[in-house]
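# Descriptive analysis of the structure
Spelled out from the first residue to the last, the chains are:
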Amino acid sequence: MNRKRRLTDSLVNIWMRGGLYIILAIPVFIGIGLYWKAAPLLNEHSLTDLIFSSKWFPMKGEFGFLPFIFSSVYVTLLAFILSAPLCLFAAIYLTQFSKRRLLNFMLPVIDILAGIPSVVYGVWGILVIVPLVSGSIAPFFGATSSGYSLLAGGIVLAVMCIPYMLNMLIEVFHTIPVGMKEASLSLGATHWEMVKHVIIRKGFPGIISAFGLGIAKAFGETIAVLMVVGNTLNITLSPFKAGYPLPALIANNYGEMMSIPDYDSALMFAALLLFVVILIINLFFRYFIHKTEKI
Amino acid sequence: MNRWKIIEEWFFKIISFIAAYSVVLILLYLLIVVFNKGIGALSWEIVFSMPKGGYYFGGGGGILNAIVGSFYLSLGATVLAVIIGLPAALFINVQLIRLKRTQNTIRFFLDALWGIPSIVYGAFGFAVMLFLGLNASLLAGIITVALLITPILVRAFDEVLKTIPVELQEASYSLGSTRTETALKVLFKQGFAGFITALLLAFGRGIGDAASVLFTAGFTDNIPVTLDEPVATLPLSIFFQLSSPIEEVRQRAYAAAVILTVIILIISVSARLLSKRYSKNIIK
């Protein structure tokens, strides 16, 4: 081997290794960076104080994140309840009951829809869901609502999660060996019984993981929710009232965060909170998937 | 078969049929509504002119600044992501090919990184920006979006590279090539279709993302000339115009939403077509 080739080889090697290390270091740097910016707030208040207090008066230096955390969890759960069964049954239909052609048509369509920016989902939410909530759903339950509500946020989030979760569920169902399904059918099981006893049972870890990752995605979604959720501080069980999820808090106040002391740390703390929660959920369920893929 | 079994069978078949088609219908409905509302407001002026005075109060002009800004931003970020991500993906599949466990661990971390919401990247980009002493600018936006799309690019490219048989690499080594030559001349060529898909996927994600550039890119009515000027992006432009109380401005937000959707659709469809076209050259 001549020297030039050897030199290129070692240089490119360093480049490749460097690239990989940079990427793997990203989450570490995100953690450190956000903690560094949130530190002033964490020094003054205890963690439990920040999370469990509902007093939010930035001007007076009181930062209680409970209303935001509550709204985030509420909207996410609502989105999950609305989208999870739909996705599960749709995935079952597409992989087990329908013709192969429909699935082949649907897969790219789902992929493309998953790539549509969240701001477009938000526009749709404002055009369709907000009037729907204020005009039909709220009056039906005897409530009045401006439409910009937790329910609207939940519905828009649910629709956003559909392509994402559906895609993962279809993948999960594809990993189940055909032989197992055939064995079940040959013993006289109906199609649904086969689905119930083989597909759902065998794919259970995968289904749970897909749901978990869907929840994580919904929890961190920003723009689309921000546009329809109303952005008012509220701790309420009524889905027709406005809410104020964590990501919306960060996105809405970036303009004024430098003018109030500690406000920027508070927003960075919110980002840190989102980062930690979502990273943990992701790591947990991804680990679940990796474990099951090997078996 | 008893009667309950048949009822149960039909009940769940119908339920899942309805679920599948309602998913299709909901998503179709979404596209129809957005297009229907926006097409009416769409005009050449919006696409091809800059905002004129009083634009956000109903004045004339268009959103060329945001369209071009989004392209600049996403292009810069994609270039940066390729510089870091391409060698990383090759590294996983060449140098680490015998270390299955390490490979899987890396993939596992990248997958987890994919799930981190863009607002977190945005906040982190803001911290980096302060740390480096930058202002809200094209450069800061590019760095932030690059952080966001690099894991996507790597993972999507890696997904294709890992299907390439090891024998191909072994053949390359047996002819005396170095690891670098194997990586760039054999593996990269073989996975080129996947690379194009990954590239366009990352690019599309960069154009469509709003939350990450909210802090870092700023907003302006001009097209930036240098890296330290602020830049307007299409999603933010939609977002700002939509919060206006003036009906005419909101109409233009709907038009901008159509433009953004069309751009994204073009990118994802061409990703598919290109990857099909380039996969003809693959050695099977």
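Residues numbered from 1 in each chain as written. Chains lettered and ligands numbered in written order. Predicted model: local features only at pLDDT ≥ 70, side-chain atom pairs only at ≥ 80, totals over all residues. Heavy atoms only, no water.

What follows is about the overall build of chain B. A count of helical and extended segments in chain B gives 11 helices and zero strands. Secondary structure elements of chain B occur, N-terminal to C-terminal, as α-α-α-α-α-α-α-α-α-α-α. Along the first, second and third principal axes, the C-alpha set of chain B runs to 70 × 70 × 35 Å. Residue burial in chain B is summarised as follows: out of 284 residues, 55% are buried. Long-range contacts, defined as pairs at least 24 residues apart, comprise 73% of the intrachain contacts of chain B with a sequence gap of at least 6. Each charge sign in chain B was given a centre, from 22 positive and 15 negative side chains, and these centres are 10 Å apart. (Helix = DSSP H or I, 4+ residues; strand = E, 2+ residues; numbered from the N terminus. Buried < 20%, exposed > 50% of the residue type's maximum accessible area, 1.4 Å probe, protein only. Contact = heavy atoms within 4.5 Å. Lys, Arg positive; Asp, Glu negative; His and termini not counted. Charge placed at Lys NZ, Arg CZ, Asp CG, Glu CD.)

A word on helix 5 (residues 118–132) of chain B. All names here are of chain B. Its 15 residues place the ends of helix 5 20 Å apart at the C-alpha level, agreeing with the 21 Å of an ideal helix rising 1.5 Å per residue. Within helix 5, 11 of the 15 residues are buried, which leaves the element mostly enclosed by the surrounding structure. Among the residues of helix 5, those classed as buried are S118, I119, V120, Y121, G122, A123, F124, G125, F126, A127 and M129. Immediately downstream of helix 5, the backbone of G133 shows phi near 75°, a positive value. (Expected span 1.5 Å × (residues − 1).)

A few words now on the side chain of S212 of chain B. Residue and element names in this part refer to chain B. Mapped onto the secondary structure, S212 falls in the loop between helix 9 (192–208) and helix 10 (234–242). Note on S212: relative accessible area 0%, which makes it buried. Within polar-contact distance, the side chain of S212 engages the side chain of D209 at 2.8 Å. Excluding its chain neighbours within four sequence positions, the residues that come into contact with S212 are S118, G122, T144, V145 and L148. (Polar contact = N/O pair within 3.5 Å; in protein donor to acceptor, adjacent residues only side chain to side chain.)

A few words now on the domain arrangement of chain B. All names here are of chain B. Each assigned domain of chain B is listed with its residue range as follows: domain 1 (3–39) and domain 2 (47–281). Look at where the C-alpha atoms of domain 1 and domain 2 centre, and you get two points 32 Å apart. The interface of domain 1 with domain 2 comprises six residues on the first partner and eight residues on the second. In total, about 540 Å² of surface goes out of reach between domain 1 and domain 2, with carbon and sulfur atoms giving 82% of it. It is F35, K37 and G38 in domain 1 that bury the most area against domain 2; as a group they hold 70% of the surface buried on that side. Linking domain 1 with domain 2 are zero salt bridges, by the criterion used here. Counting every contact that joins domain 1 to domain 2 gives zero residue pairs in polar contact (both at pLDDT 80 or more). Taken together, the residues of the side of domain 1 that touches domain 2 sort by class into four nonpolar, one polar and one charged. (Domains from an automatic or database assignment. Buried area = accessible area lost by both parts, 1.4 Å probe. Salt bridge = Lys/Arg side-chain N within 4 Å of Asp/Glu carboxyl O. Nonpolar A, V, L, I, M, F, W, Y, C, P; charged D, E, K, R; others polar.)

Looking now at the interface of chain B and chain A. Contacts between chain B and chain A engage 83 residues on the former and 77 residues on the latter. Here chain B meets chain A over a buried area of about 7,300 Å², counting both sides, of which 82% is carbon and sulfur. For K5 of chain B, the salt bridge is made with E193 of chain A, and the minimal N-O distance between the two is 3.6 Å. Between the two partners, chain B and chain A, sit 11 residue pairs in polar contact (both at pLDDT 80 or more). Among the elements of the structure, helix 1 (3–39), helix 3 (64–94), helix 4 (100–114), helix 5, helix 6 (138–161), helix 8 (179–190), helix 10 and helix 11 (247–278) of chain B are those that each provide at least two residues to the side of chain B that touches chain A. Ranked by the residues each element gives to the side of chain B that touches chain A, the list is headed by helix 1 of chain B, at 22 residues. Broken down by class, the residue content of the side of chain B that touches chain A amounts to 59 nonpolar, 14 polar and 10 charged.

This next bit is on the state of the cysteines. Residues and elements named next belong to chain A. Inspection of every chain in the model, using the stated rule, returns zero disulfides over all chains. Unpaired in terms of disulfides, C161 finds its nearest cysteine sulfur in C87, a separation of 8.0 Å. Its relative accessible area of 3% is what places C161 among the buried residues. (Disulfide = S-S within 2.5 Å.)

In summary, soluble globular proteins display a tendency toward joint burial of nonpolar side chains. If you look at the biggest cluster of nonpolar residues, it comprises 193 residues, and the most contacted ones within it are L34, F65 and Y121 of chain A. Looking at which element gives the most residues to this core, the answer is helix 6 (residues 150–174) of chain A, with 18 residues. Among the domains, domain 1 (3–39) and domain 2 (47–281) of chain B are the pair contributing at least three residues each to this core. If we skip the residues at most four places from it in the chain, F65 of chain A touches L41, L50, I51, S53, W56, L246, L249, A266, F269 and A270 of chain A. (Core = buried A, V, L, I, M, F, W, Y, C linked by side-chain atoms within 4.5 Å.)

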